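Coordinates in review
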Amino acid sequence: MNESPSIDALSLYERVLGASYSQLPMAVQRFHRLAGHTVLNGWVQTQAPSSLPARLLAFCLGTPRRASSGPLSFELDASAEAERWTRHFPTRTMTSRMRLVAGKIQEKLGAARLTFGLSVADGRLRMELEGLRFMGLPCPRWLMPQVVAEETGKDDQLHFRVAAGLPLLGTVAAYDGHLELGPAQATS
């Protein structure tokens with residue numbers, strides 16, 4: 001007899017997306033079901049922030065500040081309560097922490113706390129910025145950055161694209177690439 005997993009056994013992303021989680025490509029589902037400590041490798045391209053103020057903001061966030069292309073090492077520490085993502089870019093290491101807050105994903109990245117709603121559209125996981133606190137202060141809607149954060153997958157690869165910018169400052173952070181998941185493991 002098959003039992004469905006308890007709500008506590010579901011990943012953060014499964015809990016937010018609910019039934020629409022099954023609409024994601026298998027590589028994206030596999031990635032967001034990883035638990036414990038996992039190291040994945042891949043390839044990434046980063047863009048430099050587009051202005052001096054954007055570079056200063058990137059410094060506060062811990063995001064890449066130089067354009068680069070090369071190998072990416074990704075460390076994931078995941079439990080049912082929280083996830084720590086450490087991205088080893090060619091020129092910088094960036095760490096953020098995710099947790100579930102009021103049905104949304106909250107990411108702590110440097111001096112910022114970003115709140116994302118999740119959706120599935122056209123075979124992609126989309127993270128939509130719904131709130132931001134910087135150095136503890138709420139960001140007014142009119143000053144909210146434009147963020148594109150999406151994942152898709154094909155075969156044993158998770159593909160990602162992230163871009164964040166502000167009016168007048170331009171691009172603060174932008175990177176895209178993929179992670180190798182390896183062949184799916186059979187479970188019993």
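The preceding data block contains the structure.
Here is what the cut-offs are and how they apply
Residues numbered from 1 in each chain as written. Predicted model: local features only at pLDDT ≥ 70, side-chain atom pairs only at ≥ 80, totals over all residues. Heavy atoms only, no water. Phe/Tyr/Trp six-rings, centres within 6.5 Å; stacked < 30°, edge-to-face > 60°. Helix = DSSP H or I, 4+ residues; strand = E, 2+ residues; numbered from the N terminus. Buried < 20%, exposed > 50% of the residue type's maximum accessible area, 1.4 Å probe, protein only. Salt bridge = Lys/Arg side-chain N within 4 Å of Asp/Glu carboxyl O. Core = buried A, V, L, I, M, F, W, Y, C linked by side-chain atoms within 4.5 Å. Contact = heavy atoms within 4.5 Å. Disulfide = S-S within 2.5 Å. Pairing = 2+ DSSP bridges.

**Here we look at the packing of aromatic side chains**
Under the defined criterion, the tally for this structure stands at six aromatic pairs. Their ring planes at 55° and their centres at 5.6 Å tell us that Phe31 and Phe74 sit as a pair that is tilted. Of the two residues, Phe31 sits in helix α2 (residues 26-32) while Phe74 sits in strand β2 (residues 68-78), which places them 43 residues apart along the sequence. Judged on exposure class, the residue Phe31 and its partner Phe74 are both buried. Members of the aromatic cluster, joined through ring pairs, are Tyr13, Phe31, Phe74 and Trp85.

**Quick notes on the pattern of salt bridges**
What the rule picks out here adds up to eight salt bridges. Close ionic contact of Asp156 with Arg30 constitutes a salt bridge, the shortest N to O distance being 3.3 Å. Pair noted here: Asp156 is in the loop between β9 (146-154) and β10 (157-166) and Arg30 is in helix α2, with a separation of 126 residues, a long-range link. Judged by its relative accessible area of 29%, Asp156 falls in the partly exposed class.

**Considerations on the nonpolar core**
With 41 residues, the main nonpolar core has Tyr13, Phe31, Ile105 and Leu179 as its most contacted residues. Of all the elements, strand β6 (residues 112-121) adds the most residues to this core, at five residues. In this view, Ile105 contacts Leu12, Tyr13, Val16, Met98, Arg99, Leu114, Thr115, Phe116, Leu118 and Met127; residues no more than four positions away in its chain are not counted.

**Focus: the side chain of Thr38**
Within the secondary structure, Thr38 sits in strand β1 (residues 36-47). Sequence-distant contacts of Thr38, that is, excluding residues within four places in its chain, are made with Phe74, Glu75 and Leu76.

**Brief notes about the environment of Leu12**
Here Leu12 lies in helix α1 (residues 12-17). Through-space distance from the C-alpha of Leu12 to that of Glu81 is 7.2 Å; in sequence the pair is 69 residues apart. Leaving out residues up to four positions away in the same chain, Leu12 has contacts with Ala80, Glu81, Ala82, Glu83, Met98, Arg99, Leu100 and Ile105.

**Points about the state of the cysteines**
Per the stated rule, a full pass over the model turns up zero disulfides. Of the cysteine sulfurs around Cys60, a residue in no disulfide, the closest is that of Cys139, at 14 Å.

**Comments concerning the environment of Gln106**
For Gln106, the position within the fold is in strand β5 (residues 104-109). Accessibility expressed as a relative area gives 12% for Gln106, which makes it buried. Note: C-alpha distance between Gln106 and Glu130 (24 residues apart in sequence) is 9.9 Å.

**A few points about the pairing of β6**
In this sheet, β6 lies alongside β5 in antiparallel orientation, the contact comprising five bridges. Paired with Leu109 across the strands is Ala112, a residue of β6. In textbook terms, the turn of a hairpin is the stretch between consecutive antiparallel strands, and for β5 and β6 this stretch comprises two residues, one of which, Gly110, has a positive phi near 60°. As judged from the ten bridges shared by β6 and strand β7 (residues 124-134), these two strands associate in the antiparallel manner. Bridge pairing in β7 places Arg113 opposite Arg133. Hairpin connection, β6 to β7: the antiparallel pair is bridged by two residues, and Asp122 has positive phi, about 50°.

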